[in-house]
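Chain and residue survey
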Amino acid sequence: MEIILKGLRLLNPEQNLDLLSDVLIKDGIIDKIENLDASQNSDAKVFDFSGKICVPGLFDMHVHFREPGGEDKETVISGSNSAASGGFTGVACMPNTNPAIDSAEVVKFIIDRAKGHLVDVNPIGAVTKGRKGEGLAPMLELYDAGAVGFSDDGTAVKTASLLRNALEYAKMIDSPIIEHCEDESLAGGSMNESFVSTELGLPSIPTVAEDLVVMRGILLAEYTGGKIHIAHISSKRSVELVREAKIRGVDVTAEAAPHHFTLTDECVRNFDTNYKMNPPLRQQKDVDAIIEGLQDGTIDCIASDHAPHSIEDKELEYIYAPNGIIGLETQLGLTLTELYHKGKLTLEQVVEKLALNPRKILNLEIPLFEVGEKANFTIIDLDYEYKFDIKYSKSKSKNTPFNGRELKGKSIAVINNSKMYFDGQFQNI
Amino acid sequence: MSLSSNHLLGLKDVPKEDIQLILDTAITFREVLERPIKKVPTLQGKTIVNLFYENSTRTRLSFELAQKRLSADTINFSKSGSSASKGESFKDTVKNIEAMKVDMIVCRHESAGIPKYLTQISNAKIINAGDGRHEHPTQGLLDMYSIREKVGKLEGLNVCIVGDISHSRVALSNIYGLQTMGANVSVCGPSTMIPWGMEDFGVKVYNNIDKAMAENDVLNVLRIQLERDAGVLIPSVREYHNYFGITQERIEKNNPNILILHPGPINRGVEVSSEVADGSSQIILNQVTNGVAIRMAVLYLLGTKSEE
Amino acid sequence: MDIKAKIIDSLGLDRTITRLAHEIIEHNKGSENIVLLGMRTRGEFLAKRIQSKINLIEGTKPNLGTLDTTLYRDDFRIRLKQPEVSVTDISFDLSGKDVILIDDVLYTGRTVRAALDAIMDLGRPNTIQFCVLVDRGHREMPITADYIGKNIPTSINEEVKVKMTEIDDEDSVYLVEIKNS
């Protein structure tokens, strides 16, 4: 099948490409990149994307699909649908499922579930069996089955000695250990520790709980020569630690979630559990540090930490409600509105953070705009202004603080695996 | 020709001539083991104490047999049920034993450095039967003897030690001994089991067993200590076997002529498959027999050495 | 070391070996049940030559082995310099056989006594007989040879040096004087 995309600005920083052109795609492969006369290919379906930009398909390296074990909140399919709707053609999903992704069977199950979907689903394997922090998970076997990285996300790896061994072991396959940085003994609070938490009377988590474990990860990665990736970085001091470590040449990378460069702990004042996540919303100085970190490259990418929870789960007392918000369908909008349109990041940087760097960290191939390459695109209308409406979300869960938020910039279509998502519909191309 | 030292504490600084002498002398003793009467009167009247503070059956048995076949008098001392369990210090125990006039002490201890300490507090000749993760010289010697017996030489041979190198005194003794004799030594195992500084030893590191097998003539396969390592350094025995286990398929695919050694006891199905453990590539039982001969040679060379 | 006299020359050595071979065959009424054990180093060469002679005379080669007696020496206890030990190579059964022990020089008799111990550990021979090229006297054990090539009485500071072409440059037996150091 042939489709023509007209009037696109093709932007791929990996190729130093910024080009106005039409694109002809045949059976999912890029056939021509040039100005096309639609009358020549009368069979082709034509999409007029004048004024839109086309970037390599976006990749979210931190999502939680609740399958197996929590299918009421999200499944691999519903999560992938949400990803496509949000403009993503690839995701990496975390292993805190039930059972955990600590065996080749579960890795294969998830990959199998996602077969035939537009979105590429890459499982992240657990670091320890069951994520219990008692013994190493069979990382070599998980890697061979298709895992692209390892994490005990939900918690940090239980002991320094286990993390050390994991970093050493993962060196054999050049895979990163993705750390949820939170000191176990300082954890358990419901919001960030500051004068706001004192006023609200809620138990709190200090930023130093994150900083300590970030430091542990950096030092162990430095010592062993292994690769560590800091998940959902949120604290100013942590950003500074990563910055210093990178200068020293440590193999450390970091991601930040959109809510950590958009919201502060002031939002918790209404006790709405849709503002409750871990790490919690921090103070303005932390938000500013995250944005600076994104600007100077300390923070390599943006990842949503998409964490679906059912309504009944979230409709609990603030201290009992589970942590997490969905984020696949607000991520691009927030990034463009808060960072691009406010002049904090260039468009190239946005593409790096959302499409290129996540793949590099996980050793995945970068989509290229070349004849003969698989078509893996996200088509964005940078100036489209709208209000995010949860009604139209493809996710099974509704736990977002951004319902009704005004955003500027949206994904219009995504193309991958010979499929296209456009106008709320999947179609084969 | 005699050994340059009055003790055998390790293979680290043992000169090539000494190793050569021990290996050559062991040939004679290997022949004695084939006789109907496996005894020679050489060490008659000598008293040897087997001071085993760390448990061992095979090594102690091997040493005891070697001593008896040389007609020496042997005494066994283990930590449990002894004065040590009554709180006597190691030094006092040794001094007491020595006061009963013994000629040689064969010692195994979980703390590295004990054999060296013994040379300072005792007048007996000391043989190290394994100290912590430091050295196990008679194992290194019997491994070299077995390789040489089968292949005909050690110089220029490519030998790879496979397994938990970081906890292995067998690995260290093998590295020292083989390098002294001119072999090229490498190691192979998951990165969590390879200790610091292998490059400083001049030892190449492999993390891929197929590559290690293809590029080496001999594999010395170490035992995985299941109790200690599973979950901690390696996820599981199953993953270790899948990625580092020596199987017949791997031998045929990578190097059909490769020689397999193992210091024992074997974990069948973990570091080697049953088929390999019983197959024609391995010389594991030869190692056991040669072990007695090597120990006889060491006891002979030290026991009959005059104090010059 | 000073050479005092050449006792046996090359031709003489060959004749002596021929005679010893004949004596062995005569005493044992043939060569069917005998086995030869040479004692390292020159005893081994001597045994080999005797084996060839017997073959020429009888038409059959008796079994030949080499014996190393280092492990049976009695002087370890008095701490003499550690001698080098070599391998005993006997690939046949000794039991029921007439063992002819062969060495080049008989002196104190201690080496032969050690050899007797070694042989008894290897099996139960019918008889053990001793054949030596030179008997130089000064026995310290009650040992006599059954077959002697030549009697050469020596004094304390003299020694008998046997040379054989297998390892030396000639076939000969010398009487030498040892310089006291």
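Our subject is the structure that appears above.
Here is a short report on the structure shown in this document. (Residues numbered from 1 in each chain as written. Chains lettered and ligands numbered in written order. Predicted model: local features only at pLDDT ≥ 70, side-chain atom pairs only at ≥ 80, totals over all residues. Heavy atoms only, no water.)

**Notes on the pairing of strand β7 (residues 88–93) of chain A**
All names here are of chain A. To be explicit about the condition: Buried residues are those whose accessible area, probed at 1.4 Å on protein chains only, stays under 20% of the maximum for their type, while exposed residues exceed 50% and partly exposed ones sit between those limits. In this text, helices come from DSSP runs of H or I with a minimum length of four residues, and strands from runs of E with a minimum of two, each type numbered from the N-terminal end. Pairing between strands requires that DSSP locate at least two bridges from one strand to the other. Viewed with both strands pointing away, a crossover whose connecting path from the first strand over the helix to the second turns clockwise is right-handed.
Counting buried positions along β7 gives six out of six residues, so the element sits mostly inside the fold. Where strand β6 (residues 58–63) lies against β7, four bridges are found, and the strand directions are parallel. If you follow V63 over to β7, its bridge partner there is C93. As for the winding sense of the linkage, the β-α-β connection from β6 through helix α1 (residues 76–86) to β7 is right-handed. Of the strand pairs in this sheet, β7 and strand β8 (residues 120–123) are connected by four bridges, and their pairing is parallel.

**Quick notes on the nonpolar core**
Our working definition: Each nonpolar core is a collection of buried residues, namely Ala, Val, Leu, Ile, Met, Phe, Trp, Tyr and Cys, held together in the definition by side-chain atoms within 4.5 Å. Contacts were defined at the residue level, with two residues in contact if any of their heavy atoms lie within 4.5 Å.
If you look at the biggest cluster of nonpolar residues, it comprises 103 residues, and the most contacted ones within it are A:I177, A:I233, B:L219 and B:I246. Setting aside residues no more than four positions away along its own chain, A:I233 makes contact with A:E210, A:S238, A:V239, A:V242, A:A254, A:E255, A:A256, A:H260, A:I290 and A:I299. Listed in part, the 85 residues of the second largest apolar core include B:I127, B:Y145, B:V187 and B:L301.

**A short note on the sheet that holds strand β3 (residues 104–109) of chain B**
Residue and element names in this part refer to chain B. Note the following rule: As a rule, the C-alpha atoms of each element are fitted with a line to give its axis, helices using only the stretch in contact, and angles between N-to-C directions run from 0 to 180 degrees.
Taken together, the four strands give an open sheet; going across it, the order is β2-β1-β3-β4, and neighbouring strands pair in parallel fashion. Among the strands making up the open sheet, the edge pair consists of β2 (73–78) and β4 (125–131). Pairwise comparison of adjacent strand axes, ignoring direction, gives a mean angle of 15 degrees for this sheet. Pairing analysis gives five bridges linking β3 to β4, with the strands arranged parallel.

**A few points about the arrangement of the chains**
Here the protein chains form two pairs of chains in contact, of which the pair with the most contacts is chains B and C. Separated throughout, chain A and chain C approach each other most closely at a C-alpha pair spaced 49 Å apart.

**Points about a negative patch on the surface**
Going by this rule: Nonpolar side chains (Val, Leu, Ile, Met, Phe, Trp, Tyr) within 5 Å and like charges within 9 Å form the patches, drawn only from residues with over 30% relative accessible area and no salt bridge. Only the protein chains shown count as covering a residue, and every accessible area follows the Shrake-Rupley method with a 1.4 Å probe. Within this document, salt bridges are pairs made up of a side-chain nitrogen of Lys or Arg and a carboxyl oxygen of Asp or Glu, the two lying within 4 Å of each other. Neither His nor the chain termini are counted; the positive set is Lys and Arg, and the negative set is Asp and Glu. A charged residue contributes its charge at one atom only: NZ of Lys, CZ of Arg, CG of Asp or CD of Glu.
A grouping of A:E71, A:D72, A:E312 and A:E315 is seen on the molecular surface, where their side chains present a negatively charged patch. Of note, A:E312 is situated in helix α9 (residues 311–314).

**So, the interface of chain B and chain C**
Accessible area lost on assembly of the parts is the figure often given for the size of an interface. The test is simple: By definition, the buried area sums, over both parts, the 1.4 Å-probe accessible area that each loses when the two are put together. Two N or O atoms form a polar contact when they lie within 3.5 Å of each other; inside protein one atom must be a possible hydrogen donor and the other a possible acceptor, and for residues adjacent in sequence the pair counts only when both atoms belong to side chains. Under this grouping Gly is polar, as are all residues other than the nonpolar Ala, Val, Leu, Ile, Met, Phe, Trp, Tyr, Cys and Pro and the charged Asp, Glu, Lys and Arg.
Counting residues at the interface gives 24 residues for chain B, matched by 18 residues for chain C. For the pair chain B and chain C, the summed buried surface comes to about 1,900 Å²; carbon and sulfur atoms form 54% of the total. At the boundary of chain B and chain C, one finds zero salt bridges. At the boundary of chain B and chain C, one finds three residue pairs in polar contact (both at pLDDT 80 or more). Every element with two or more residues in the side of chain B that touches chain C is listed here: α1 (16–32) and α12 (284–303) of chain B. Among the elements that make up the side of chain B that touches chain C, the one with the highest residue count is α1(B) (six residues). Looking at the side of chain B that touches chain C residue by residue, the classes come out as eleven nonpolar, seven polar and six charged.

**Points about the sheet that holds strand β5 (residues 127–135) of chain C**
Within a beta sheet, neighbouring strands are joined by backbone hydrogen bonds and run either parallel or antiparallel to one another. Residues and elements named next belong to chain C. Spatial strand order, β3-β2-β4-β5-β6: five strands in an open sheet with parallel pairing. Across the chains shown, the open sheet's two edge strands, defined by having one partner strand only, are β3 (63–67) and β6 (147–151). Ignoring which end each strand starts from, the neighbouring axes of this sheet average 25 degrees apart. Judged from the four bridges that link them, β5 and β6 form a sheet pairing that is parallel. Considered in β6, the bridge of C131 is made with Y147. Sitting on the sheet, helix α2 (residues 42–58) touches β2 (34–39), β3, β4 (98–106) and β5, and the angle it makes with β2 is about 150 degrees. In the packing of helix α3 (residues 110–122) onto the sheet, the strands contacted are β2, β3, β4 and β5, and the crossing angle to β4 comes to about 155 degrees.

**Observations concerning unusual backbone geometry**
All names here are of chain A. Cis rather than trans, the peptide bond between N98 and P99 has omega equal to 5 degrees. Its location among the elements puts P99 in the loop between β7 and α2 (104–113). Of the consecutive residues N278 and P279, the connecting peptide bond is found in the cis state with omega at 5 degrees. By the element assignment, P279 lies in the loop between β15 (252–256) and α8 (284–295). Phi at S418 is positive, roughly 60 degrees, even though this residue is not glycine. Tracing the backbone shows S418 in the loop between β18 (406–416) and β19 (419–422).

**Some remarks on a nonpolar patch on the surface**
Together, A:L186, A:V208 and A:L212 give the surface a local cluster of nonpolar side chains, amounting to about 230 Å² of exposed area. Structurally, A:L186 is set in the loop between β11 (177–179) and β12 (191–192).

**A short note on the packing of helix α5 (residues 137–151) of chain B against helix α6 (residues 169–180) of chain B**
All names here are of chain B. We apply this condition: When describing relative orientation, an angle under 35 degrees is termed roughly parallel and one over 145 degrees roughly antiparallel, while 65 to 115 degrees is termed roughly perpendicular and anything else oblique. Here a crossing is taken to be left-handed if its near helix is turned anticlockwise relative to the far helix by less than a right angle, and right-handed if that turn runs clockwise.
Running from N to C, α5 and α6 point in directions that differ by 55 degrees, and their axes come no closer than 8 Å. In this view, α5 runs oblique relative to α6, as classed from their interaxial angle. Where α5 crosses over α6, the two elements pack in a sense that is right-handed. Across the interface between the two elements, P137, Q139, G140, D143, M144 and I147 of α5 pack against V170, S173, N174, G177 and L178 of α6. Looking at the contact of α5 with α6, its residues break down into five nonpolar, five polar and one charged.

**Re the layout of surface pockets**
What counts is decided by this rule: Here the term cavity refers to a set of points on a 1 Å grid, laid over the protein atoms alone, in which a 1.4 Å probe fits but cannot get out; the term pocket refers to an open set having protein on both sides within 12 Å along at least five of seven lines, with lining residues being those that place an atom within 4 Å of a point. Grid points are joined across faces, edges and corners, and a volume is the space filled by probe spheres set on the points.
By volume, the largest pocket amounts to about 1,200 Å³. If you trace the largest pocket, you find 38 residues lining it, with C:R40, C:R73, C:D103, C:V105 and C:T111 closest to the centre. Looking at the lining of the largest pocket, the elements that each hand over two or more residues are α2, β4, α3 and β7 (158–163) of chain C. Among the elements that make up the lining of the largest pocket, the one with the highest residue count is β7(C) (five residues). Of the residues that constitute the lining of the largest pocket, the class distribution is 15 nonpolar, eight polar and 15 charged. Approximately 930 Å³ is the volume attributed to the second largest pocket. Residue assignment for the lining of the second largest pocket shows that the elements contributing at least two residues are α2 (58–69), α5, α6 and α12 of chain B. In terms of residues, the lining of the second largest pocket owes the most to one element, α12(B), which gives six residues. Residue composition of the lining of the second largest pocket, by class: ten nonpolar, 15 polar and nine charged.

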